[in-house]
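Results of the structural survey
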Amino acid sequence: MGILSEPYRTVQVRFDEDICFAQIHRPQANNAIDDTLIAELTQVLARCEDAAKIVVLEGLPEVFCSGADFQQIQARHASGAAQEQDPGPLYDLWHQLAAGPYLTVAHVRGRANAGGIGFVAACDMVLSDDKATYSLSELLFGLMPACVMPFLIRRMGYAKANYLTLLTQPIAARQALDWGLVDAVEENSENLLRKHLLRLRRLNKQALVRYKRYALSLDDSLGAARPLALAANREVFADPENVEKIARYVSTGRFPWEAA
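The sections below set out a description of the structure shown in this document. For clarity, every value in this text was computed on a predicted model and none was experimentally measured.

1. Observations concerning the overall build of the protein
- A tally of helices and strands in the protein yields eleven helices and 13 strands.
- By the compact-globule yardstick of 18 Å for 260 residues, the protein fits well, its C-alpha radius of gyration being 18 Å.
- Its C-alpha atoms give the protein principal-axis dimensions of about 55 × 40 × 35 Å.
- Within the span of the protein, comprising 260 residues, buried residues form 52% of the whole.
- Nonlocal contacts in the protein, meaning residues at least 24 apart in sequence, comprise 73% of its contacts between residues at least 6 apart.
- Counting only carbon and sulfur atoms, one obtains 53% of the accessible surface of the protein, whose full area is about 12,300 Å².
- If you average the places of the 27 positive and of the 31 negative side-chain charges in the protein, the two averages end up 5 Å apart.

2. Observations concerning the pattern of salt bridges
- Summed over the entire model, instances satisfying the criterion amount to 13 salt bridges.
- In this structure, arginine 201 and aspartate 16 form a salt bridge, with 3.1 Å as the shortest nitrogen-oxygen distance. With arginine 201 in the loop between α8 (189-200) and α9 (205-218) and aspartate 16 in strand β2 (residues 11-16), this residue pair connects regions lying 185 residues apart in the sequence.
- Relative accessible area serves as the criterion here: at 22%, aspartate 16 is assigned to the partly exposed category.
- The partner of aspartate 86 in a salt bridge is arginine 234, with the nearest N and O atoms 3.1 Å apart. One end of the pair, aspartate 86, is in the loop between α2 (70-78) and α3 (88-99); the other, arginine 234, is in helix α10 (residues 221-237), and 148 residues separate them in sequence.
- Taking the relative accessible area as the measure of exposure, aspartate 86 reaches 43% and is therefore partly exposed.
- We classify arginine 234 as partly exposed; its relative accessible area is 39%.
- One network of salt bridges, in which partners are shared, links Asp16, Glu17 and Arg201.

3. Side note on the nonpolar core
- With 58 residues, the main nonpolar core has Leu41, Leu57, Trp94, Val108, Phe119, Tyr134 and Leu152 as its most contacted residues.
- When near neighbours in sequence (up to four residues on either side) are disregarded, valine 108 contacts Phe64, Val120, Val126, Leu127, Ser128, Asp129, Ala132 and Tyr134.
- By size, the runner-up hydrophobic cluster in this structure holds 14 residues, among which are Val56, Leu103, Ala184 and Leu192.

4. A look at the packing of aromatic side chains
- Overall, the coordinates contain ten aromatic pairs when judged by the stated rule.
- Seen from their ring centres, phenylalanine 141 and tyrosine 249 are 5.3 Å apart, and the 75° between their planes marks the pair as edge-to-face. Taken as a pair, phenylalanine 141 in the loop between β11 (133-135) and α5 (149-156) and tyrosine 249 in helix α11 (residues 240-252) lie far apart in primary sequence, 108 residues in all.
- By way of ring pairs, the aromatic residues Phe70, Phe141, Tyr249, Phe255 and Trp257 are connected into one cluster.
- Positioned above the aromatic ring of phenylalanine 21 is the side chain of arginine 14, whose terminal nitrogen or guanidinium carbon lies 4.0 Å from the ring centre.

5. Considering helix α4 (residues 115-122)
- With eight of its eight residues buried, α4 lies for the most part within the structure.
- Those residues of α4 lying buried are Gly115, Gly116, Ile117, Gly118, Phe119, Val120, Ala121 and Ala122.

6. Observations concerning the side chain of threonine 104
- Checked against the element boundaries, threonine 104 lands in strand β8 (residues 103-108).
- Not counting chain neighbours up to four residues away, the residues in contact with threonine 104 comprise Val55, Leu97, Ala122, Cys123, Asp124, Met125 and Lys212.

7. Thoughts on the environment of asparagine 113
- By the element assignment, asparagine 113 lies in strand β9 (residues 111-113).
- Sequence separation of asparagine 113 and proline 170 is 57 residues, and the distance between their C-alpha atoms is 8.0 Å.
- Among all residues touching asparagine 113, those that are not within four sequence positions of it are Cys65, Ser66, Gly67, Ser135, Leu136 and Ser137.

8. Some details on the sheet that holds strand β6 (residues 63-65)
- Ordered by their spatial adjacency, four strands build an open sheet running β6-β9-β11-β12, and the pairing between neighbours is mixed. In this open sheet, the two edge strands, each paired with only one partner strand, are β6 and β12 (171-172).
- Bridge count between β9 and β11: three bridges; the pairing is parallel. Paired with alanine 112 across the bridge in β11 is tyrosine 134.

9. Notes on unusual backbone geometry
- In the Ramachandran plot, alanine 114 falls in the positive-phi region, its phi being about 50° despite a non-glycine side chain.
- With respect to the element layout, alanine 114 can be found in the loop between β9 and α4.
- Accessibility expressed as a relative area gives 7% for alanine 114, which makes it buried.
- In this structure, threonine 168 is a non-glycine residue whose phi angle is positive, near 65°.
- Judged by its relative accessible area of 18%, threonine 168 falls in the buried class.

What counts, and where the lines are drawn
- Residues numbered from 1 in each chain as written.
- Predicted model: local features only at pLDDT ≥ 70, side-chain atom pairs only at ≥ 80, totals over all residues.
- Heavy atoms only, no water.
- Helix = DSSP H or I, 4+ residues; strand = E, 2+ residues; numbered from the N terminus.
- Rg over C-alpha atoms; globule rule 2.2 N^0.38 Å.
- Buried < 20%, exposed > 50% of the residue type's maximum accessible area, 1.4 Å probe, protein only.
- Contact = heavy atoms within 4.5 Å.
- Areas by Shrake-Rupley, 256 points an atom, 1.4 Å probe, with all protein chains shown as cover.
- Lys, Arg positive; Asp, Glu negative; His and termini not counted.
- Charge placed at Lys NZ, Arg CZ, Asp CG, Glu CD.
- Salt bridge = Lys/Arg side-chain N within 4 Å of Asp/Glu carboxyl O.
- Core = buried A, V, L, I, M, F, W, Y, C linked by side-chain atoms within 4.5 Å.
- Phe/Tyr/Trp six-rings, centres within 6.5 Å; stacked < 30°, edge-to-face > 60°.
- Lys NZ or Arg CZ within 6 Å of the ring centre and 35° of its normal.
- Pairing = 2+ DSSP bridges.

So, in structure tokens, the structure goes:
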């Protein structure tokens, strides 16, 4: 039985010896990413630097993470503060998943979309339920997965990351496995995770830290891409037309290509 951590508003955290289980838990918002989630997960990862060897990132059974919280974006738009969105903390959170001194495992069930793919691609290992789906819907709203792309290209290559971006529709878990976004798929993903953790527990943390430091030194693409990714993200969210599309979708449910 794991030890429950202190409560957070958007994350449920428990420790089982040196394994941290962090579950994105915003059921009322389809596990969308808001500022509080970013801040709380950043706090959890900071704690794990000393307290954990393995970090397992999970969502809800129906949705892993649906991407940006359009409700929050609409609220900023309504208050005249739409251009104040800062993509830096989310990019840095994903970078910490990729570079932190622990092994990160994404356990994906349900839907992973848009920024949810950023969480998936940033992790060292991705284990998936066979009914999970993966998608990048940003271009439908005039946006782009600017901050996701460096992590996605690093994991599955430019061609497939580009295709997934342009496709904008979900792909199945088996397809994601074939493309390299996912490492293993099983009907019972809980059992898949259990089997992996039985093996991963044997790894020495110091060996993990040294290996990750070495592996990242071979490919500094994430650090090099940061300023470009943040600039591209700010550009699309500073476009009033894009923010209007989001606001209309939140208030009416109509997609940008549908008539008013």
